[in-house]
Amino acid sequence: MSIQFKRFLNPILFATALGLIHFGIWSLFNQALPVMNAPTIVHGFAYSGFQENQSPLDKEYPSTAELELDLKLLKPLTNRIRIYGALENSEVTALASNLGFYVTAGAWLGSDTNANRREVEALKAKIKNYPRIERAIVGNEVLLRSDLKPEALFSYLDDVRKATKLPISTAEPWHVWLKNPDLVKHVDYIAVHLLPYHEGLPVENAVDYSLSRYKELMEAFPRKKIVITEIGWPSHGPTIGAAIASDVNQARFVREFLAKTAYKNYDYYLMEAFDQPWKQKLEGWAGAYWGMFSADRHEKYSLQGAVPKDSRWEEKALWATLLAFLPILFIGYRFRRWGLGGRLSMAILLQACVTTLVVAWNLPGDYYYTLRDFIVLIGLIIGMGLTSAVLMIYGVEFSEVMFKGGWNRAYKRAKPLPTDKELYVSIHLACYNEPPEMVIATIESLHKLDYTHFEVIVVDNNTKDEAKWKPLETYVANMPANFHFYHLPQWPGFKAGALNFALDKTNKKAQVIGVVDADYEVTADWLSNLVPHFSDAQVAVVQAPQAHREWENNFFKRMSNWEFEGFFRIGMHHRHERNALIQHGTMTLVRHQALLDSGKWSEWCICEDTELGLRLLEKGYELRYVDDTFGRGLTPADFKALKSQRFRWAFGAMQILKHHLPKLLGDSTLSFGQRYHFLTGWFGWLGDALQLFFTIGSIGWTIAMLVFPTAFSLPVSIMIVPILCFLGIKAALGPILYRKTMNCSWTDIFGASLASLGLSHAIAKGVITGIFKKDGVFKVTAKGKNKINKLQILNPIIEELTLLTALILCGFLMLATRGLNNIDAQLWVAMLTLQCLPYASAVTCQFISQRPN
């Protein structure tokens, strides 16, 4: 067997095995459940003939042919139906009579007196004309809805009773009959609704509970016949207490009721024959799902044999398996050198993402969706798709770090060159409004460099306060001749403008440009150990990591330090493997000629360093990363400064993405790996922006559910659970990688995670602003320690605090209105709680940053 054949065979076997396992898991969790068998004859059905896209609310009614087909479908199961109105679908009585059904006719009553009178007169006429009508019901849950006073209802009942000898009643739940004993005097029999789902009963107790309520009515009114005019369980709907709506529970309740009442003198009508989607607008989510048949007239469950949890699981499992097969095959082939653990972790995560999207896509096949529902679902699928993409990007990084077994491109310190072979380096230090003692410390560290052929150009641009820049001018004037200082009172282009000015002043002998931030104290061996890498003509950049000092004794600065470390110890290596480095504006060395040829620093971009790195990659150069510390700067002064810095980075990233998108997607010299990293590398930040929209949407949806409970319902659990799982997976990956790659305590990992979460809102704003706005403002990150008035402590986090308060209130009100035992409400509140974490973290970070050392 050839090596080439084995190279393809193993990925095929890998993808096939995972597909079979995936399908097997679907099969395992969707095994048909044994449920009590029941007689195949039903005493009667409550019947409404509206088809799936019809509604009396919209004046859309079924045709005679559709009604006749319905009745023929029911005929093998029963010979009795109950109808609710005398005027809507008035031909049902005649059609049912011709097919041999006995009919319990109805008159629909509401608050409109004229409409009620028309219904009553039509009912009386039907009773005279159709001998197959065996009884009549005047009004359905009229007292429960408070549409009529009892006395008004008595009047209608008495009127119909005088006009016919047929038994007459009105239909109400059991407790309404017990509460209104006078009502019994005006009816010939008690028409009762027994719907234990609405009372929060677990399905295993629901039938016995219903029969006990029936017996309670018998004891209260022993001389009246009792007809159960509605009894059933929905296949879908919100969880109410311990009552869970599902296909299996519906079949279980109906079968158990039919079995326990078989061969006994129970007169009943199952609720109901066919699902009625239009009822959602009146009764809420569950109102559509009480039928034995779906709205498209397919049987939802049988009365004999095992009941499947999901009758469409094979179709969903097959689609999810097939859609994931080729991507998993790609993983098996592309990452074959990462080890089985790396490929498995990525493939399992991918399959989970695809399965979740397939399940979401199939929701309209399991539920009756309105236009609003479709819009929400499309938004959800888009959101889940983006979330899946973010997760997969994290998953690729996680798998490479955890399972690859080492970095292929791991450059070390180079051997210093002899003095006569050193490349001339021009070091550029741009500063604006910085504390002079901090900048002087940086200049002093540059003076101590163990390197011969270099110069230092300090450019202070736009600083108005002479107390800030004059001491620098004086200090540099006393330095050796290779140190230069320039003050630019008014200069465009922010930091990039200052660096371009420095380029114009650069010694023509310079072959390498070095850039350091104003707060960085470099080590003496920075140039001597890194500049030799430029002996390779393809190398355009040599980047050292950002590192920090003076953070050990302040918890906020510890948090900030370790949060930065995560990227430089994990993310930079991950990108460096495919020569897709993010260049940074400090501790960076750039080939002078490559910088000039590529067009200098971009003054239109507030992340000019990263933008330059991408331009150099587009020209085919190599960017090297040496993960060793050659200089340390100061962490941001406080949380406000950290937020401002991250906002700038996120805004600049969007500027870069928009500007370079044609080359990232189209014709360029960029490799697949470089395109991948520069297109997906910012997906985590795009995920933060998505999270902000999702949070606002969740708050809005919760308010809508509280104000309009029948129009807006809790999403089905299957839509919430994957989101909770995705958020959990995302939260777990970071700490695991920290423990793998860095020597830090769990306390520091917690602090870094807290800082990362707390920055989510600032990043989201930066991304959104950067997408829609062209030009940004470069704000210098404050270092040192800022003093803040206690009254102003909340100002930097007022937006996060507002969102946090709204989420907490929404969660509290949801539990208060839906009940602590409602599983759907619990899942929704769990999601709201997870959404609180970034905003709670921001508030926590702000208070921690104001604590003393």
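The coordinates are above.
In this report, we go over the structure that sits alongside the text. Only a predicted model underlies this, so the values are computations on that prediction, with no experimental measurement involved. (Residues numbered from 1 in each chain as written. Predicted model: local features only at pLDDT ≥ 70, side-chain atom pairs only at ≥ 80, totals over all residues. Heavy atoms only, no water.)

Glancing now at the side chain of Ser294. The topology assignment puts Ser294 in the loop between helix H10 (280–283) and helix H11 (313–334). Given a relative accessible area of 12%, Ser294 falls into the buried group. If sequence neighbours within four positions are ignored, Ser294 has contacts with Phe274, Asp275, Lys300 and Tyr368. (Helix = DSSP H or I, 4+ residues; strand = E, 2+ residues; numbered from the N terminus. Buried < 20%, exposed > 50% of the residue type's maximum accessible area, 1.4 Å probe, protein only. Contact = heavy atoms within 4.5 Å.)

Moving on, we come to the packing of aromatic side chains. Overall, the coordinates contain 27 aromatic pairs when judged by the stated rule. When the ring of Phe50 is compared with that of Trp278, the centres are 5.5 Å apart and the planes differ by 65°; the resulting orientation is edge-to-face. Taken together, the positions of Phe50 in the loop between strand S1 (45–46) and helix H2 (64–74) and Trp278 in the loop between strand S8 (268–270) and H10 put the pair 228 residues apart, joining distant regions of the chain. For Phe50, a relative accessible area of 3% puts it in the buried group. (Phe/Tyr/Trp six-rings, centres within 6.5 Å; stacked < 30°, edge-to-face > 60°.)

This part is about the environment of Glu315. Checked against the element boundaries, Glu315 lands in helix H11. Here the alpha-carbon distance between Glu315 and Asn362, two residues 47 residues apart in the chain, equals 9.7 Å.

A few words on empty space enclosed by the protein. In the structure shown here, the tally under the stated rule is three cavities of 30 Å³ or more. The computed volume of the largest cavity comes to approximately 50 Å³. As for the largest cavity, its lining consists of 13 residues, and the residues nearest its centre are Val254, Met271, Glu272, Trp290 and Tyr301. Residue composition of the lining of the largest cavity, by class: nine nonpolar, three polar and one charged. When its volume is computed, the second largest cavity comes out at roughly 40 Å³. Together, Asp688, Gln691, Leu692, Ser760, His761, Ala764, Pro838 and Tyr839 line the second largest cavity. (1 Å grid on protein atoms, 1.4 Å probe; cavity = no way out; pocket = protein on both sides within 12 Å on 5 of 7 lines; lining within 4 Å. Points joined across faces, edges and corners; volume = space filled by probe spheres on them. Nonpolar A, V, L, I, M, F, W, Y, C, P; charged D, E, K, R; others polar.)

Attention now moves to the pairing of strand S6 (residues 189–194). Across the six residues that make up S6, a large majority, six, are buried. Of the two faces of S6, the one holding Tyr189, Ala191 and His193 and the one holding Ile190, Val192 and Leu194 are both buried throughout. Across three bridges, strand S5 (residues 168–173) lies against S6 in parallel orientation. Looking at the pairing, Glu172 lines up with Val192 of S6. Between S5 and its parallel partner S6, the chain crosses via helix H7 (residues 174–179), and the hand of that crossover is right-handed. The sheet contact formed by S6 and strand S7 (residues 225–231) spans six bridges and is parallel. Bridged to Leu194 within S7 is Ile231. (Pairing = 2+ DSSP bridges. Right-handed = clockwise from strand over helix to strand, strands pointing away.)

What follows deals with helix H29 (residues 823–849). Between its first and last C-alpha atoms H29 spans 38 Å; for 27 residues at 1.5 Å apiece the expected length is 39 Å, and the two agree. By the largest-angle criterion, Leu837 marks the main kink of H29, which is about 35°, and a proline, Pro838, follows within four residues. (Expected span 1.5 Å × (residues − 1). Bend = angle between axes of the 7 residues up to and from the residue.)

Quick look at the pairing of strand S12 (residues 512–516) now. With five of five residues buried, S12 is to be regarded as a mostly interior element. Neither face of S12 is left uncovered, since the one carrying Val512, Gly514 and Val516 and the one carrying Ile513 and Val515 both have all their residues buried. In the sheet, strand S9 (residues 425–431) pairs with S12 via five bridges, with the strands oriented parallel. Pairing of His428 across the sheet is with Val515, part of S12. As defined by bridge partners, S12 adjoins strand S16 (residues 588–591) across four bridges and the pair is classed as antiparallel. The residue of S16 that forms the bridge with Val515 is Thr588.

So, about the pattern of salt bridges. Side chains that carry opposite charge are capable of pairing whenever their charged atoms lie near each other. Inspection of the entire model under this criterion finds 44 salt bridges. With a closest N to O distance of 2.6 Å, Asp525 and Arg413 form a salt bridge. Separated by 112 residues along the polypeptide, Asp525 in the loop between strand S13 (521–522) and helix H18 (526–530) and Arg413 in the loop between helix H14 (371–403) and S9 bring together distant segments of the chain. Ionic pairing is found between Lys663 and Glu618, a salt bridge with its closest N-O pair at 3.9 Å. Taken together, the residues Lys663 in helix H22 (residues 639–665) and Glu618 in helix H21 (residues 608–618) connect sequence positions 45 residues apart. A single network of salt bridges, built from pairs that share partners, joins Arg80, Glu134, Arg135, Lys225 and Asp267. (Salt bridge = Lys/Arg side-chain N within 4 Å of Asp/Glu carboxyl O.)

Distances and angles like these do not, on their own, reveal function.
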